[in-house]
Amino acid sequence: MSATPDYTRQEMMAIAAGREIRDGELAIFGVGLSLLAGYFAKAHHAPNVRAITEGGVYGATPMGGMPWGIECNRLAVNATSFTSGLDALGFLVASGRCDFGLIGAAQVDRHGNVNTTGIWGERPQRFGPPRTRLTGSGGANEIACGAKRTVIMVSHEKKRFVEQVDYISSPGYLEGGDARERYGFAGGGPSAIVTTLGILRPHPETREFWLDGWFEFSSAEEIRTATGWALKVFPHAGRIPPPDGEELAALRQVDETGMLRRKG
Amino acid sequence: MSTTPPALPADNRLIDLASAVQRYTFDGMQYAAGAALPVGADAIAFGRELLRQGRRNLHALFHCNSQQSNLLAGAGALDKLECGFSGLEGFGFANGLRRAVESGQLLLEDYSNLAMPLRFLGGALNWPFVPTTTCIGSDIQHFSAYAPDEVPARGKIPPVRDPFSGREIGALSPLRPDLAAIHVTLADPRGNGILIGSEWSRFELSRAARRVVLIADHIVDTDCMRQYPNLVRIPDVIVEAVVWWPFSAWPAASPGVHDADETHMKRMNEALGSAEGTAAYLAEYVHGYADLDAYLALIGEDNRRALADTATAFLLDPYRRWFLPRERIEALAAANLAGTSARNAATEVPA
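Residues numbered from 1 in each chain as written. Chains lettered and ligands numbered in written order. Predicted model: local features only at pLDDT ≥ 70, side-chain atom pairs only at ≥ 80, totals over all residues.

Student: Before we move on, can you summarise the overall build of chain A with the specific residues and values?
Tutor: When helices and strands are tallied, chain A shows seven helices and 15 strands. For chain A, whose C-alpha radius of gyration is 18 Å, the value lies close to the compact-globule estimate of 18 Å for 264 residues. Dimensions of chain A, computed from the C-alpha atoms along their principal axes, are close to 45 × 45 × 35 Å. At a minimum sequence separation of 6, the contacts of chain A that also span at least 24 residues come to 69%. (Helix = DSSP H or I, 4+ residues; strand = E, 2+ residues; numbered from the N terminus. Rg over C-alpha atoms; globule rule 2.2 N^0.38 Å. Contact = placed C-beta atoms within 7 Å.)

Student: Tell me what's going on with the nonpolar core, and back it up with residues and numbers.
Tutor: Core analysis: the largest hydrophobic core is formed by 188 residues, its most contacted members being A14, F40 and M153 of chain A together with V213, L214, I215 and V243 of chain B. The dominant element in this core, judged by the number of residues it contributes, is helix α2 (residues 33-44) of chain A, at eight residues. Counting contributing residues per domain, this core is built from domain 1 (17-112 + 175-347) and domain 2 (128-172) of chain B, each supplying no fewer than three. If sequence neighbours within four positions are ignored, A14 of chain A has contacts with L33, L36, A37, F40, L251 and L260 of chain A. (Core = buried A, V, L, I, M, F, W, Y, C linked by C-beta atoms within 7 Å. Buried ≥ 20, exposed ≤ 12 C-beta atoms within 10 Å, placed from the backbone. Domains from an automatic or database assignment.)

Student: Account for the environment of A60 of chain A, with residues named and values stated.
Tutor: Residue and element names in this part refer to chain A. Relative to the helices and strands, A60 resides in the loop between β3 (57-58) and α3 (73-76). Residues A60 and L260, 200 residues apart in the sequence, show an inter-C-alpha distance of 21 Å. Contacts of A60, omitting those with residues within four sequence positions, involve L75, A76, N78 and A79.

Student: Tell me about the interface of chain B and chain A, residues and numbers included.
Tutor: If you look at the interface, chain B gives 54 residues, while chain A gives 52 residues. Examining the composition of the side of chain B that touches chain A, we find that three residues originate from one element, helix α4 (residues 95-102) of chain B, more than from any other. Split by residue class, the side of chain B that touches chain A holds 25 nonpolar, 19 polar and 10 charged. (Nonpolar A, V, L, I, M, F, W, Y, C, P; charged D, E, K, R; others polar.)

Student: Mind laying out the environment of T135 of chain A, listing which residues take part and the relevant values?
Tutor: Structurally, T135 of chain A can be placed in the loop between β9 (132-133) and α5 (140-146). Judged by local crowding, T135 of chain A falls into the buried class, with 25 C-beta atoms found within 10 Å. Note: C-alpha distance between T135 of chain A and G118 of chain A (17 residues apart in sequence) is 7.6 Å. When near neighbours in sequence (up to four residues on either side) are disregarded, T135 of chain A contacts T116 of chain A together with F85, S86, G87 and F93 of chain B.

Student: Please give an account of the pairing of strand β3 (residues 78-83) of chain B that cites residues and values.
Tutor: All names here are of chain B. As judged from the four bridges shared by strand β2 (residues 58-62) and β3, these two strands associate in the parallel manner. Bridge assignment links A60 to a residue of β3, and that residue is L81. In this fold, β2 hands off to helix α3 (residues 67-74), which returns the chain to β3; that crossover is right-handed. One ladder, built from four bridges, connects β3 with strand β4 (residues 107-110); its direction is parallel. Following the sheet pairing, L81 is matched in β4 by L108. Between the parallel elements β3 and β4, the chain passes through α4 in a crossover that is right-handed. (Pairing = 2+ DSSP bridges. Right-handed = clockwise from strand over helix to strand, strands pointing away.)

Student: Give me the lowdown on the confidence of the model for chain B, citing residues and values where you can.
Tutor: All names here are of chain B. Per-residue pLDDT for chain B averages 95, and the proportion of residues at 70 or more is 95%. Low pLDDT (under 50) marks residues 346-351, which in the prediction has four contacts with non-local residues, meaning those over four places away or in another chain. Across the assembled chains, the prediction reports ipTM 0.96 with pTM 0.96. (pLDDT = per-residue confidence, 0-100.)

Student: Account for unusual backbone geometry, with residues named and values stated.
Tutor: Residues and elements named next belong to chain B. The amide bond that connects V151 to the next residue, P152, takes the cis arrangement and shows omega of 0 degrees. Within the secondary structure, P152 sits in the loop between α6 (139-142) and β6 (159-161). The linkage connecting W250 with the following residue, P251, adopts the cis geometry, with an omega of 10 degrees. Inspection of the secondary structure puts P251 in the loop between β12 (241-244) and α9 (262-271). Phi angles above zero are rare outside glycine, and E89 is one such case at about 50 degrees. At N126, a position not held by glycine, the phi torsion is positive, near 60 degrees. If you trace the backbone, N126 turns up in the loop between α5 (115-125) and β5 (130-132).

Student: With reference to specific residues and values, describe the sheet that holds strand β11 (residues 161-162) of chain A.
Tutor: The pairing of strands in a sheet comes from backbone hydrogen bonds and takes either a parallel or an antiparallel form. Within the open sheet, the three strands sit side by side as β7-β6-β11 (chain A). Their pairing is mixed. Either end of the sheet is taken by a strand with one partner, and the two such strands are β7 (114-115) and β11 of chain A.

Student: How would you explain α4 of chain B if you had to name every residue and give the values?
Tutor: Most of α4 of chain B sits inside the fold, with seven of its eight residues counted as buried. What α4 of chain B keeps buried is the set N95, G96, L97, R98, R99, A100 and V101 of chain B. Residues of α4 of chain B that are buried in the fold lie against β9 of chain A together with α3, β3, β4, α9 and α10 (275-285) of chain B.

Student: Please give an account of the packing of α9 of chain B against α10 of chain B that cites residues and values.
Tutor: Residue and element names in this part refer to chain B. Here α9 crosses α10 at 125 degrees, and the two axes come no closer than 7 Å. Considering the angle they form, α9 stands oblique to α10. Residues M268, E270 and A271 of α9 lie in contact with α10, whose contacting residues are G277, T278, A280 and Y281. Residue classes in the contact of α9 with α10 are distributed as four nonpolar, two polar and one charged. (Axes fitted to C-alpha atoms, helices over the stretch in contact; angles between N-to-C directions. Parallel < 35°, antiparallel > 145°, perpendicular 65-115°, else oblique.)

Student: Report on the packing of helix α1 (residues 17-24) of chain B against helix α2 (residues 44-52) of chain B, specifying residues and quantitative values.
Tutor: Residues and elements named next belong to chain B. At their nearest, the axes of α1 and α2 sit 10 Å apart, and the two run at 65 degrees to each other. The interaxial crossing formed by α1 with α2 has right-handed handedness. Residue-level contacts link L17, A18 and V21 of α1 to A45, F46, E49 and L50 of α2. Split into classes, the residues belonging to the contact of α1 with α2 amount to six nonpolar, no polar and one charged. (Left-handed = near helix turned anticlockwise from the far one by under 90°.)

If you want it as structure tokens, here you go:
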């Protein structure tokens, strides 16, 4: 544990997620954190990433502040193509063409299944109204099914990292092992869960998410405490390099409104 | 549907918003909004007019929630809603929808953002079902708000076998809404429409719906459509009526025309978070205007000028020479109002 770093946990999470993106990939991003992580990668190490949003707004770079949505005028202002959801999510994502997708989660479980639909308190026996209604799947289900690799970004809190999600909005590895293969999805499933504390990756056989590394301000113990299942640790797990000056400069150039610097 | 409204003349399908809602909507109908994403274009003003005319028990089909479904849900006008996304993107959770769902008043049937356009496509092609390789294996398939005791749900996205590979996939039910009220940036009086921005699913929806009404920011001369026929994704042959209502997407954005009103997006959603707030919002922003001028005054002249000063305005430059002036649009709509009153008297049949 070093002295207080000169970057926030949100910034570290965005940079760690951005590091997962490779140059030249066809990648799909959502709004907020996901967009920042994606455009950070483009500004830093993946200048040829082909970024799309599920709204079918192509070729756009955000202008005039953080877009409020993926069809916000802050993206429409310099787009080179407007198409449709069927095109972006169907032709390019569900089809299996998209290399990489970034999605968020209200809850995630040990097999990387994501809930963004609602909180019932447990998985409901009878499908009545939720205690708290969330946003539903949106296009995340298509990304989780169709993208070759999916990265889940989520704030690392015990209430979010649960043994079993209340509702599977977007499939990870379902019950684990080869359960996902029953459905023949075009995409390979989640390759990482990038959090505000570290990175979890799936065990190659059981597909259970194990701790792969922690950030310089965090530790394996802190992450285990903030995880709702008995988190196993890969033998190779260790400290993840903090952002270097170039990474921070690239992220802050993209995050011009300072969205990620507001939260500690 | 209580009556079949007589068709408007092919060369002029312009009518006013209140008449469109009166003619083409009814309690309990399957109502679809033709919109972009929650922050993008949607004819939210059409939803306000549905409430002004007291429409209720609606079965709404929205690709994504917007402030329109948030408002209709918060006001208690929806019994059912099927959608792929129920939030407001950067503006957070949709409070009116949330209240209605959590109280059990509104049954929300969850799909995904690809499942909805596929279902519209199925309706448009008159297919019995649409095969899907997404949504299967997740709880979108296993849980149905319409059959809460049946877990896993058997009738929502039933498994079907691919006859070629033998693989198990899912069957999506096609959608044929009674009406699609579709936001377009430009329409001519005949009903040809040009969308600026993502189509989202308005192309498929326009073919799936039993009736289509366009709500346009600008009415243009048909010569505009002859100049850009490739851009006319909604042709007049499938359109019943055209409504001109500036800022119909307010407080959301219409690319090329105006930005999102961030202050009102937040204020509206906050109001819809409680019954009292919703009542106050309805009094002011749904029942609080008598006509278009009063609606525009509610948004505010300075505010409208600021919203219209959008960096996307250049997108409309190629089309401005064909904009019809307000007097001409209102004269065309008035001609139809006079005509249909006479025809209605002759053809209307009791429910």
